[in-house]
Amino acid sequence: MAMKAMLIDAMRCIGCRGCQVACKTWNGRKAEKTEFFSGPGYQNPGDLSAETLTLITYNEVQVNGRFDWVFGKKQCMHCNTPACAAACPVGALKKLESGPVIYQKHRCIGCRYCMLACPFEIPRFEYDSANPYITKCTMCADRLETGGVPACSKVCPTGAIAFGDRDEMIREAQHRINQNPSGYYHEIYGLEEAGGTCVLHISNVPFDKLGHRTDVPKHAVNKDTEQAMEAIPIVMLGLAALLGGIYMLRTRTVHHESDAPRADG
Ligand code: SF4
Ligand code: SF4
Ligand code: SF4
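Summarised in this report is the structure supplied together with it. (Residues numbered from 1 in each chain as written. Chains lettered and ligands numbered in written order. Predicted model: local features only at pLDDT ≥ 70, side-chain atom pairs only at ≥ 80, totals over all residues. Heavy atoms only, no water.)

## Some thoughts on the packing of aromatic side chains
If you walk through the whole model with that rule in mind, you get six aromatic pairs. With 5.9 Å between their ring centres and 85° between their planes, Tyr42 and Trp69 make a pair best called edge-to-face. With Tyr42 in the loop between α1 (18-26) and β2 (55-63) and Trp69 in strand β3 (residues 66-74), this residue pair connects regions lying 27 residues apart in the sequence. Look at Tyr185 and Phe207: their rings are 5.5 Å apart centre to centre, the planes differ by 80°, and that puts the pair in the edge-to-face class. (Phe/Tyr/Trp six-rings, centres within 6.5 Å; stacked < 30°, edge-to-face > 60°. Helix = DSSP H or I, 4+ residues; strand = E, 2+ residues; numbered from the N terminus.)

What follows is the structure, encoded as structure tokens:
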């Protein structure tokens, strides 16, 4: 299968958050008490959480001399060479040839190195759970397996989340920019960030205005992560694994019955 990608077009997004609801529904994530404005933007919830795998950010930005609302979509970028997977000592995160970076919860020891390694600050941890795991967008890999498209893409009423072969999505993004050069910002976010990603963004404003990190290197950061991991003395990794093992035994044996497969497993 050719590598797939999502193309998110801020010019087409109307901020309805149907995608956020569809994501929560498909992935069985709970409702949670949230607070207004804890991240960049004016949205509620303010940021991603263990229960919110994608977030529409509400940004008031000056466009052509007047203030306008521009909406961004935050989620895992599904890096071509994911730093989270490079950092994981037990292979719980894995890049599929079809594009998604998936999380295999049964392997996870709860060390949270993936959270430190991700240049986009995406993975979250279920701190409130007695049996905690990492959570993040899976690109709906389970839906893709049966020929479907991501739930958020399916539900979007304006076609702001296109889905298809990555090469085709890059061509489509370039086509839209060429068709409206005075409207679009002339870059595709994700084309080169972290060595390229399977989530691509285009917009009428610079990407930092949408809450995206623009200090991410334009090369794969998994090599940096691997070198950092290699620099950690083997005894420290052994200690981390030991602590992780104790942690896992302490938390998971008691709650084994709640390990029923779900979308992020
Ligand atoms: S955005 Fe972060 S969590 Fe997602 S694949 Fe890249 S490194 Fe991993
Ligand atoms: S691809 Fe699936 S998991 Fe990711 S944001 Fe969209 S609905 Fe959520
Ligand atoms: S469903 Fe589409 S239009 Fe609505 S908030 Fe999500 S991306 Fe924007």
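Here the narrative resumes, following the displayed structure.
## Focus: the pattern of salt bridges
Using the criterion set out here, one finds 13 salt bridges in the structure. Between Arg12 and Asp9 there is a salt bridge; the shortest N-O distance is 3.6 Å. In this structure Arg12 comes out as partly exposed when scored by relative accessible area, which is 35%. Here Asp68 ties to Arg66 by a salt bridge, and the two come within 3.9 Å at their closest N and O atoms. Given the relative accessible area of 29%, Asp68 is considered partly exposed. (Salt bridge = Lys/Arg side-chain N within 4 Å of Asp/Glu carboxyl O. Buried < 20%, exposed > 50% of the residue type's maximum accessible area, 1.4 Å probe, protein only.)

## Some details on the site of ligand 1
Close to ligand 1 lie 13 residues; Cys76, Met77, Cys79, Cys84 and Cys118 are nearest. Considered class by class, the residues forming the shell around ligand 1 number 11 nonpolar, one polar and one charged. (Near = heavy atom within 4 Å. Nonpolar A, V, L, I, M, F, W, Y, C, P; charged D, E, K, R; others polar.)

## Things to note about the environment of Thr158
The topology assignment puts Thr158 in the loop between α5 (151-155) and β8 (161-165). Through-space distance from the C-alpha of Thr158 to that of Arg12 is 6.2 Å; in sequence the pair is 146 residues apart. If we skip the residues at most four places from it in the chain, Thr158 touches Arg12, Cys13 and Ile14. At 2.8 Å, the side chain of Thr158 and the backbone oxygen of Arg12 are in polar contact. (Contact = heavy atoms within 4.5 Å. Polar contact = N/O pair within 3.5 Å; in protein donor to acceptor, adjacent residues only side chain to side chain.)

## As for the sheet that holds strand β1 (residues 4-9)
Pairing is mixed across the open sheet formed by three strands, whose spatial order is β8-β1-β9. Each of the sheet's edge strands pairs with one partner strand only, and the pair in question is β8 and β9 (199-202). This sheet shows a mean twist of 25° between the axes of neighbouring strands, independent of strand direction. Relative to β9, β1 runs parallel, the two being bridged by four bridges. (Pairing = 2+ DSSP bridges. Axes fitted to C-alpha atoms, helices over the stretch in contact; angles between N-to-C directions.)

## A look at the site of ligand 3
Around ligand 3 lies a shell of 13 residues, among which Cys13, Cys16, Arg17, Cys19 and Cys156 are the nearest. Residues that form the shell around ligand 3 fall into these classes: nine nonpolar, three polar and one charged.

## Here's the deal with the pairing of β1
In the case of a regular strand, side chains alternate between the two sheet surfaces. Counting buried positions along β1 gives five out of six residues, so the element sits mostly inside the fold. The pairing of β1 with β8 spans five bridges and is antiparallel. When the sheet's bridge partners are listed, Ile8 is paired in β8 with Ile161.

## Some details on the nonpolar core
Residues Met6, Leu7, Val70, Phe120, Ile161 and Ile202 are the most contacted members of the largest nonpolar core, which totals 50 residues. Elements supplying a minimum of two residues to this core: β1, β2, β3, α2 (83-87), α3 (113-117), β8, α6 (166-179) and β9. No other element matches the five residues that β2 contributes to this core. Not counting residues up to four positions away in its chain, the partners in contact with Val70 are Ala10, Thr57, Tyr58, Asn59, Val61, Val63, Asn204, Val205 and Leu210. Formed by 11 residues, the second largest nonpolar core is a distinct cluster that contains Cys84, Val101, Cys108 and Tyr133. (Core = buried A, V, L, I, M, F, W, Y, C linked by side-chain atoms within 4.5 Å.)

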